[in-house]
Amino acid sequence: MTNITKEVQRFIDNDTTIKRDLSRGIVNMRALAQYIQKQIHTNANVDAIISAIRRYETDLNEEKRFAKAAELIKNAKISTKTGVAIIALAKDPFVQELLPKLFSVIHYARGEVLRIIQAEESIKVIVDEKNVSKVTDLFKKSEVLKIEHNLGEINMKLVPASAKVPGILAILFTELANNSINVVESVSCVPELLWFIDQKDLLKAHQTFLGLIEEIKY
């Protein structure tokens, strides 16, 4: 019984949605137990799993923990953009020296997209599809590692105070995951949050966020 209890508690700990719904008291215990039984592939019977769920205790009330984050999300402003591409470049001195030239070929002041993300192993340049060749022409072919085409961008604008409130990203990423929306890239530039997803999922992602905002409001 001890092992199944720990296994069930670990499973719930890793699922924010279940934790929130348990705290709200809106979970059908038997249905949840049957779901967990299938997910963790256990031989334990459903009644044993129900007992484990009922033993589950957390020192954080998820409803209260996410209340402040949700309050900020409900006032978010959302905009979308289609026709975006992400170019992954090798992170080497030659590439880094050429990066400033991007500002002369991309008309940023006219509303064209230019976002640069530098990580440990690569540098990603996010631009409009029409400007992909302008970027790649600056570099050697061997320095262009990968290009992600046909992406859409979702821009969510929050208030500056959101930088100090935990749980916002957890809520938003969970909502996308629950709706089977894959995030190709994300950028946090508080108070703005950016998601880059497959263009075919853009409308669904937009509606998902709008639905979440309406749910929080009402």
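As shown above, the structure is provided for reference.
First things first, this report covers the structure right here in the doc. Model, not experiment: these values are computed from the prediction.

Conventions and cut-offs
- Residues numbered from 1 in each chain as written.
- Predicted model: local features only at pLDDT ≥ 70, side-chain atom pairs only at ≥ 80, totals over all residues.
- Heavy atoms only, no water.
- Helix = DSSP H or I, 4+ residues; strand = E, 2+ residues; numbered from the N terminus.
- Rg over C-alpha atoms; globule rule 2.2 N^0.38 Å.
- Buried < 20%, exposed > 50% of the residue type's maximum accessible area, 1.4 Å probe, protein only.
- Areas by Shrake-Rupley, 256 points an atom, 1.4 Å probe, with all protein chains shown as cover.
- Lys, Arg positive; Asp, Glu negative; His and termini not counted.
- Charge placed at Lys NZ, Arg CZ, Asp CG, Glu CD.
- Core = buried A, V, L, I, M, F, W, Y, C linked by side-chain atoms within 4.5 Å.
- Contact = heavy atoms within 4.5 Å.

## A few points about the overall build of the protein
On a plain count of helices and strands, the protein comes out with 10 helices and six strands. Relative to the globule expectation of 17 Å for 218 residues, the C-alpha radius of gyration of the protein, 22 Å, shows a markedly less compact shape. Seen through its principal axes, the protein has C-alpha atoms that stretch 65 × 40 × 30 Å. For the protein, buried positions account for 40% of its 218 residues. Here the protein displays about 12,700 Å² of accessible surface, and carbon together with sulfur accounts for 48% of that area. Both charge centroids of the protein, one from 30 positive and one from 28 negative side chains, sit 3 Å from each other.

## Side note on helix α9 (residues 168-178)
Buried residues of α9: I168, I171, L172, T174, E175 and L176, and no others. Downstream of α9 by one or two residues, S180 has phi in the positive range, about 55°.

## Side note on the nonpolar core
Among the nonpolar cores identified, the biggest contains 23 residues, and I154, M156, I168, L172, W195 and F209 are the most heavily contacted of them. Among the secondary structure elements, those contributing two or more residues to this core are α5 (62-73), β4 (144-157), α9, β6 (192-198) and α10 (202-217). Once you skip the residues sitting within four places of it in the chain, I168 turns out to touch A69, L72, I73, L158, S162 and L193.

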